[in-house]
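Below are the chains, spelled out letter by letter.
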Amino acid sequence: MKNNKQQKQATQIIVVGSLTQLLTCKIKIFLKSLYLALFHGVPFRPSMISNSPTEYIEPKITKFDYKALGVLSKKEIHLDFIAENYGFEGEIINSNSFTNIFFQFPDNSKIEATVENLKSAQRNTVLGNENNSICFVEHLLAVINLLSINYYEALIIQIDGQEIPLEDGSGKTWKNLFNEHLIYTKETEKLPKRSDCIHQINLQNAFHVSDKQNRSLVAIPADKFKMSYLFMHPVTKEKQWVSWETDDDINLLINARTFASTMENEMMGVKGKVLSYDQNGFDLEFRHEHEPIYHKLLDLFGDLSLCGVNPLYIKAHFISYMGSHSLNTEMAKVIKTYIQLARS
Ligand SMILES: [Zn+2]
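To keep things clear, this report deals only with the structure shown in the data block.

Conventions we followed
- Residues numbered from 1 in each chain as written.
- Predicted model: local features only at pLDDT ≥ 70, side-chain atom pairs only at ≥ 80, totals over all residues.
- Helix = DSSP H or I, 4+ residues; strand = E, 2+ residues; numbered from the N terminus.
- Expected span 1.5 Å × (residues − 1).
- Buried ≥ 20, exposed ≤ 12 C-beta atoms within 10 Å, placed from the backbone.
- Axes fitted to C-alpha atoms, helices over the stretch in contact; angles between N-to-C directions.
- Parallel < 35°, antiparallel > 145°, perpendicular 65-115°, else oblique.
- Contact = placed C-beta atoms within 7 Å.
- Nonpolar A, V, L, I, M, F, W, Y, C, P; charged D, E, K, R; others polar.
- Pairing = 2+ DSSP bridges.

### Examining helix α9 (residues 291-304)
Its 14 residues give α9 an end-to-end C-alpha distance of 20 Å, which sits within 8% of 20 Å, the value for a rise of 1.5 Å per residue. The buried fraction of α9 amounts to 14 of the 14 residues, a majority that puts the element mostly inside the structure.

### Remarks on the packing of helix α3 (residues 138-146) against α9
Between α3 and α9, the shortest axis-to-axis distance is 7 Å and the interhelical angle comes to 80 degrees. Considering the angle they form, α3 stands roughly perpendicular to α9. Contact residues: Glu138, His139, Leu141, Ala142, Asn145 and Leu146 in α3; Leu298, Asp299, Phe301, Gly302 and Asp303 in α9. Among the residues forming the contact of α3 with α9, the class breakdown is five nonpolar, three polar and three charged.

### Re the sheet that holds strand β5 (residues 118-120)
Read from one edge of the open sheet, three strands run β5-β6-β7, paired in antiparallel fashion. Edge positions in the open sheet fall to β5 and β7 (133-134), since each of these has one partner strand only. Where strand β6 (residues 126-128) meets β7, two bridges bridge the pair, whose relative direction is antiparallel. Across the sheet, residue Leu127 finds its bridge partner in β7, namely Ile134.

### Topic: the sheet that holds strand β15 (residues 275-278)
Across the sheet, three strands lie side by side as β14-β15-β16; this open sheet has mixed pairing. Lying at the two open borders of the sheet, with one neighbouring strand each, are β14 (259-261) and β16 (281-282). Pairing of β15 with β16 involves two bridges; the strand directions are antiparallel. Across the sheet, Asp278 pairs through a bridge with Gly281, a residue of β16.

### Some words on the pairing of strand β3 (residues 101-104)
Bridge count between β3 and strand β4 (residues 110-112): three bridges; the pairing is antiparallel. Note that in β4 the partner of Gln104 across the bridge is Lys110. Counted between consecutive antiparallel strands, the loop separating β3 from β4 contains five residues, among which Asn108 sits at a positive phi close to 75 degrees.

### A word on the environment of Lys172
Mapped onto the elements of the fold, Lys172 is located in helix α5 (residues 172-181). As for Lys172 and Val143, which are separated by 29 residues in sequence, their C-alpha atoms are 8.4 Å apart. Beyond its immediate sequence surroundings of up to four residues, Lys172 is in contact with Ile254 and Asn255.

### What to know about the pairing of strand β13 (residues 239-245)
Where strand β12 (residues 226-232) meets β13, seven bridges bridge the pair, whose relative direction is antiparallel. Across the sheet, Ser228 pairs through a bridge with Ser243, a residue of β13. The hairpin formed by β12 and β13 contains six residues between the paired strands, and Lys237 there has a positive phi angle of roughly 65 degrees.

In structure tokens, the structure reads:
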């Protein structure tokens, strides 16, 4: 009898304890969501409250900084990265209308990394609002999406300049920085397995964009994300196709440096840091075979992320015929419209 009473009491304690835990968990996520909405302009998402507390990942804020010389301003640029955990797998993909990446300026205005904020795609990808603009966003955005950081995180990048430091012209600096400071970045590379992600965007139609120089970019339905680029060697004019798909090594893209003619790079003051070419070919040894072509794919990937969904989750084959930032961002607009229509 006594045993039964004790058992009943124990069960009551467990039930009350579990309910309290569940309630606390929900309140914490609710408050976190409200905090992000009020102080960081992140759309409020009550849907972040899940019925299953087991899916919950403890929210945390990680802040780290980085500084480097801006190649355009020739000034030191300070960047503060504030990574905030959203809590649930899948929410970001389900939301589709925001990328969870924001650039914040000293006047406190923010620019979200979406194609609506595109200001220019002439030589690099530039986002802007009324008061500020930010150049060279494509390599950083590519790395954030390749590492799937924004699958779990909102990233607020506070910056006191109008450009992302070019560094060696690849995404290597950013990958190293995230690996050093975001402890679960390594986890996100193995969970979820990128090719098995259940929150994928199915493309039902093919899309095509082109320009007056006969360059073009098409997207055709596929069973997973893939991109191919037709490259014309700037010196020999030889043409070559290179492809990358979700199960390939992300470092092929991340480590690939940008390139330009020796004259252009000398003017920019980056000769010797990025790849330069003249009539004799490229000046530096490649990090891996086809490095310049993989860089074109890195650009494509970073620009496509402006559609509001991590490109890794778009089941499509993007085929670029000597495409550029302007075609890449044009395609991001098309894909964004398609996703919005498909979900409305
Ligand atoms: Zn680039």
